[in-house]
Amino acid sequence: IAKTNDGICGYAIGEVSKGHANLFWLYVTTALRGKKIGDRLLQQFCQHCSNQGERTLALSTYDHDEYYKKHNFHTINEEQLHGLPIKFMQRELGV
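Residues numbered from 1 in each chain as written. Predicted model: local features only at pLDDT ≥ 70, side-chain atom pairs only at ≥ 80, totals over all residues. Heavy atoms only, no water.

## Quick notes on the packing of aromatic side chains
One pass over the structure, following the stated rule, counts three aromatic pairs. Ring plane angle 80° and centroid distance 5.2 Å describe the contact between Tyr67 and Tyr68, whose orientation is recorded as edge-to-face. Overall, Tyr68 belongs to the buried group, its relative accessible area being 9%. With a centroid separation of 5.5 Å and an interplanar angle of 75°, the aromatic rings of Tyr68 and Phe73 are classed as edge-to-face. The buried category is assigned to Phe73, whose relative accessible area is 3%. Here the basic side chain of Arg91 rests over the ring of Phe73, its NZ or CZ set 6.0 Å away from the ring centre. (Phe/Tyr/Trp six-rings, centres within 6.5 Å; stacked < 30°, edge-to-face > 60°. Buried < 20%, exposed > 50% of the residue type's maximum accessible area, 1.4 Å probe, protein only. Lys NZ or Arg CZ within 6 Å of the ring centre and 35° of its normal.)

Shown next as structure tokens:
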């Protein structure tokens, strides 16, 4: 969770369970985007997964694949979900 004096401004929600690490949500309030808060949250979640012994982290995204590519994720599958293209991505941890 990322906080300012005004309260929560961002968060990363995921799961590390039974040999799988998944990022479900990465969010930063609109007013604070572009200030590297999301980068830090993602880095902290990757470190948490790595500390739990995970070697890869997976996620899915409709429209932020370019952001995740900058953080060493690559597309492993593409599908249509609810009529929209979705990309399934993953990265090696410790990279």
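After that view of the structure, there is still more to cover.
## What about the nonpolar core?
The biggest cluster of nonpolar side chains holds twelve residues, and these are Ala21, Leu23, Leu42, Phe45, Cys46, Cys49, Leu57, Leu59, Tyr68, Phe73, Met89 and Leu93. Listing elements by their share of this core, those giving two or more residues are strand S3 (20–28), helix H1 (37–51) and strand S4 (56–61). Among the elements that take part in this core, H1 stands out by supplying four residues, more than any other. For Ala21, the residues in contact, after removing those within four places along its chain, are Glu15, Val16, Cys49, Glu54, Thr56, Leu57 and Ala58. (Core = buried A, V, L, I, M, F, W, Y, C linked by side-chain atoms within 4.5 Å. Helix = DSSP H or I, 4+ residues; strand = E, 2+ residues; numbered from the N terminus. Contact = heavy atoms within 4.5 Å.)

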